[in-house]
Amino acid sequence: MIIGILREQNREKRVSILPEQAAALIKNGNSIWLESGAGEAAFAADTLYQANQVSIETREKILQQADVLLAYWALPESELNLLKEGTILVGIYQPLFQFNLMKKWADKKLTTFSLDMIPRTTRAQSMDVLSSQANIAGYKAVLLAANLFPRYFPMFMTAAGSIAPAKVLILGAGVAGLQAIATAKRLGAVVEVSDTRPAVKEEVMSLGGKFIEVAGAADASKAGGYAVEQSEEFKQKQQARLAEAVAKADIIIATAQLQGKKAPLLITEAMLQQMKPGSVVIDLAASTGGNVFGVKNNETILLHGVTLVGNSQLAAEMPWDASKLYGKNILNFLQLIIDNKGNLNLNFEDDLVKGCCITHNGAITHERIAELIDLK
Ligand code: NAD
């Protein structure tokens, strides 16, 4: 198979695979074509790829001739006409928010695998792109907050006076939230955490965080690891508990998400007004509406004396390791659909292959997305 690595558009710094992962694919009988400069923003120069027998080719040639195209984000629609029927696309395409594009890909007879849809099972862990990137985002969110915060994180007792530890409130204890707890604790902060899944309480406590208990959350045990929408009664109880925590917090790291839906709004303007001037909010859910009132995606603003950062792509700010882990996810997935002689081996009986395949043979094959498109 010819596997093409495309240069990302829109200032994205990550690249789909690094030279070491390209080498593993070449060893398995594939040819790898790289668009010149694709790894540059992640500090992986063309020469590093060339040293691993990767060919540097033009974007046009890769789009027209590669069997598999690797691009972190969806390709510009204007390039669709260049692709041959049956081209395989692998990336993070957020199909639950992109119905029109999915229909166009199906019409063009592309085979698309969106790894953000891979089932959250034990076997899929090594291909779980949401986890590998969320882990970095949680870490970076705390470092960014510490940089913007006009005070220390750790407690200090010095001859010039004492410094109290920063109080960090974390909304959502999924992959990003748990890494944020660990990072904030390492920096010496006091950490409180809210999540609607009571199952995470133990993990929060084992990392040294205090879990904010709110009884009566909707059962999420059948949602494949994801959270579910909550009742109005629960939301009011949670807001009351959160209002107390927000008034004490110096930093909020917001990570709460609902798969394929708008993020829950957890912090109101009134709550924000209770925060001390100089406090910092990092909202990782900004691209789906945010957890915090007033947050703007891809912007940093000052509102009621609080610095609000809306950024759902913080992992891209650590592009080498983000690409390394993402590339390993991609490599593991490609080894599932390409055999060790470089031949395509699509097995739709495999729940991982089926679970993240969105379009194939001219149709939308993902049952949930096909149903949602029909309902629209
Ligand atoms: P996510 O990004 O979808 O959401 C982040 C967190 O926000 C979740 O913990 C969620 O419960 C929480 N949340 C949602 N609504 C909320 C609200 N109103 N108030 C407070 N918190 C709210 O989650 P994620 O990081 O992708 O992980 C979700 C779960 O899936 C975790 O338990 C994780 O361990 C599990 N997981 C399993 C696998 C696997 O087995 N392959 C891989 C990754 C994650």
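If you're wondering where the values come from, they're calculated on a predicted model, not measured in any experiment. (Residues numbered from 1 in each chain as written. Predicted model: local features only at pLDDT ≥ 70, side-chain atom pairs only at ≥ 80, totals over all residues. Heavy atoms only, no water.)

1. Examining the packing of helix H5 (residues 129–148) against helix H10 (residues 319–337)
Here is step 1 of the chain: It is the contact of H5 with H10, at a shortest axis distance of 9 Å, that shows an interaxial angle of 165 degrees. The angle between the axes of H5 and H10 places the two elements in the roughly antiparallel class. Where H5 crosses over H10, the handedness of that crossing is right-handed. Contact with H5, carried on its side by Val-129, Ser-132, Gln-133 and Ile-136, involves Asp-321, Ala-322, Leu-325, Tyr-326 and Asn-329 of H10 and no other residues of that element.
Here is step 2 of the chain: Residue composition of the contact of H5 with H10, by class: five nonpolar, three polar and one charged. (Axes fitted to C-alpha atoms, helices over the stretch in contact; angles between N-to-C directions. Helix = DSSP H or I, 4+ residues; strand = E, 2+ residues; numbered from the N terminus. Parallel < 35°, antiparallel > 145°, perpendicular 65-115°, else oblique. Left-handed = near helix turned anticlockwise from the far one by under 90°. Contact = heavy atoms within 4.5 Å. Nonpolar A, V, L, I, M, F, W, Y, C, P; charged D, E, K, R; others polar.)

2. What about the domain arrangement of the protein?
Here is step 1 of the chain: Domain parsing of the protein yields domain 1 (2–117 + 319–366) and domain 2 (134–317).
Here is step 2 of the chain: Listed per partner, the contact involves 12 residues of domain 1 and 10 residues of domain 2.
Here is step 3 of the chain: Note on domain 1 versus domain 2: buried area summed over both sides is about 830 Å², and carbon and sulfur give 58% of it.
Here is step 4 of the chain: Where domain 1 touches domain 2, the interface holds one salt bridge.
Here is step 5 of the chain: Between the two partners, domain 1 and domain 2, sit two residue pairs in polar contact (both at pLDDT 80 or more). (Domains from an automatic or database assignment. Buried area = accessible area lost by both parts, 1.4 Å probe. Salt bridge = Lys/Arg side-chain N within 4 Å of Asp/Glu carboxyl O. Polar contact = N/O pair within 3.5 Å; in protein donor to acceptor, adjacent residues only side chain to side chain.)

3. Things to note about the pattern of salt bridges
Here is step 1 of the chain: A full pass over the atoms with the stated rule returns 22 salt bridges.
Here is step 2 of the chain: Notably, a salt bridge pairs Glu-229 with Lys-261, separated by 3.7 Å at the nearest N-O pair. With Glu-229 in the loop between strand S11 (210–211) and helix H8 (232–248) and Lys-261 in the loop between strand S12 (251–254) and helix H9 (269–273), the pair connects residues that are 32 residues apart, well separated along the chain.
Here is step 3 of the chain: One salt-bridge network, in which partners are shared between bridges, spans Glu-35, Arg-59 and Glu-79.

4. Some thoughts on a nonpolar patch on the surface
Here is step 1 of the chain: On the surface, a cluster of nonpolar side chains totalling about 330 Å² of accessible area is made up of Phe-43, Leu-48 and Trp-320.
Here is step 2 of the chain: The residue Leu-48 is located in helix H2 (residues 46–50) in this model. (Patch = residues over 30% accessible without salt bridge, like charges linked within 9 Å, V, L, I, M, F, W, Y side chains within 5 Å. Areas by Shrake-Rupley, 256 points an atom, 1.4 Å probe, with all protein chains shown as cover.)

5. Quick word on helix H4 (residues 99–107)
Here is step 1 of the chain: Within H4 the residues assigned to the buried category are Phe-99, Leu-101, Met-102, Trp-105 and Ala-106. One face of H4 carries all of its buried residues, which in axial projection span an arc of 160 degrees. Turned more than 90 degrees away from the buried face of H4, the exposed residues are Asn-100 and Asp-107.
Here is step 2 of the chain: The inward-facing, buried residues of H4 abut strand S5 (88–91), strand S6 (111–114), strand S16 (357–360), strand S17 (363–364) and helix H12 (367–375).
Here is step 3 of the chain: Looking at the residues trailing H4, positive phi occurs at Lys-109, about 60 degrees. (Buried < 20%, exposed > 50% of the residue type's maximum accessible area, 1.4 Å probe, protein only. Arc of directions from axis to C-beta.)

6. A short note on the sheet that holds strand S14 (residues 299–303)
Here is step 1 of the chain: In spatial order, the strands read S11-S10-S9-S12-S13-S15-S14; together these seven strands make up an open sheet with mixed pairing. Of all strands in the sheet, those bounded by a partner on one side alone are S11 and S14.
Here is step 2 of the chain: Sheet topology note: the S12/strand S13 (residues 280–283) ladder contains four bridges and is parallel. Of the residues in S13, the one forming a bridge with Ile-253 is Ile-282.
Here is step 3 of the chain: Each of strand S9 (167–171), strand S10 (190–194) and S12 is contacted by H8, which is oriented at about 150 degrees to S9, the strand it contacts most. (Pairing = 2+ DSSP bridges.)

7. Re the state of the cysteines
Here is step 1 of the chain: Taken as a whole and judged by the stated rule, the model has zero disulfides.
Here is step 2 of the chain: Of all cysteine sulfurs in the structure, the one in Cys-357 sits closest to Cys-356, which takes part in no disulfide; the separation is 7.1 Å.
Here is step 3 of the chain: For Cys-356, a relative accessible area of 0% puts it in the buried group. (Disulfide = S-S within 2.5 Å.)

8. Focus on the packing of aromatic side chains
Here is step 1 of the chain: By the definition in use, this model includes six aromatic pairs.
Here is step 2 of the chain: Where Tyr-72 meets Trp-73, the ring centres are 4.9 Å apart and the plane angle is 70 degrees; that geometry is what we call edge-to-face.
Here is step 3 of the chain: On the accessibility criterion, Tyr-72 (2% relative accessible area) is buried.
Here is step 4 of the chain: Following the ring pairs from residue to residue traces out a cluster consisting of Tyr-72, Trp-73 and Tyr-326.
Here is step 5 of the chain: Its end group placed over the ring of Trp-33, Lys-61 keeps NZ or CZ at 4.7 Å from the ring centre. (Phe/Tyr/Trp six-rings, centres within 6.5 Å; stacked < 30°, edge-to-face > 60°. Lys NZ or Arg CZ within 6 Å of the ring centre and 35° of its normal.)

9. Here's the deal with the side chain of Gln-133
Here is step 1 of the chain: Relative to the helices and strands, Gln-133 is located in helix H5.
Here is step 2 of the chain: Looking at Gln-133, the relative accessible area reads 6%, which means it is buried.
Here is step 3 of the chain: Leave out the neighbours within four places in its chain, and Gln-133 touches Arg-14, Tyr-72, Ala-315, Ala-322 and Tyr-326.

10. Remarks on the sheet that holds strand S2 (residues 31–35)
Here is step 1 of the chain: Strand order in the open sheet formed by eight strands is S3-S2-S1-S4-S5-S6-S16-S17, with mixed pairing between adjacent strands. Single-partner strands in this sheet number two, and they are strand S3 (55–57) and S17.
Here is step 2 of the chain: Of the pairings in the sheet, the one linking S6 to S16 comprises two bridges and is antiparallel in character. Residue pairing in the sheet places Thr-112 in a bridge with Thr-359 of S16.

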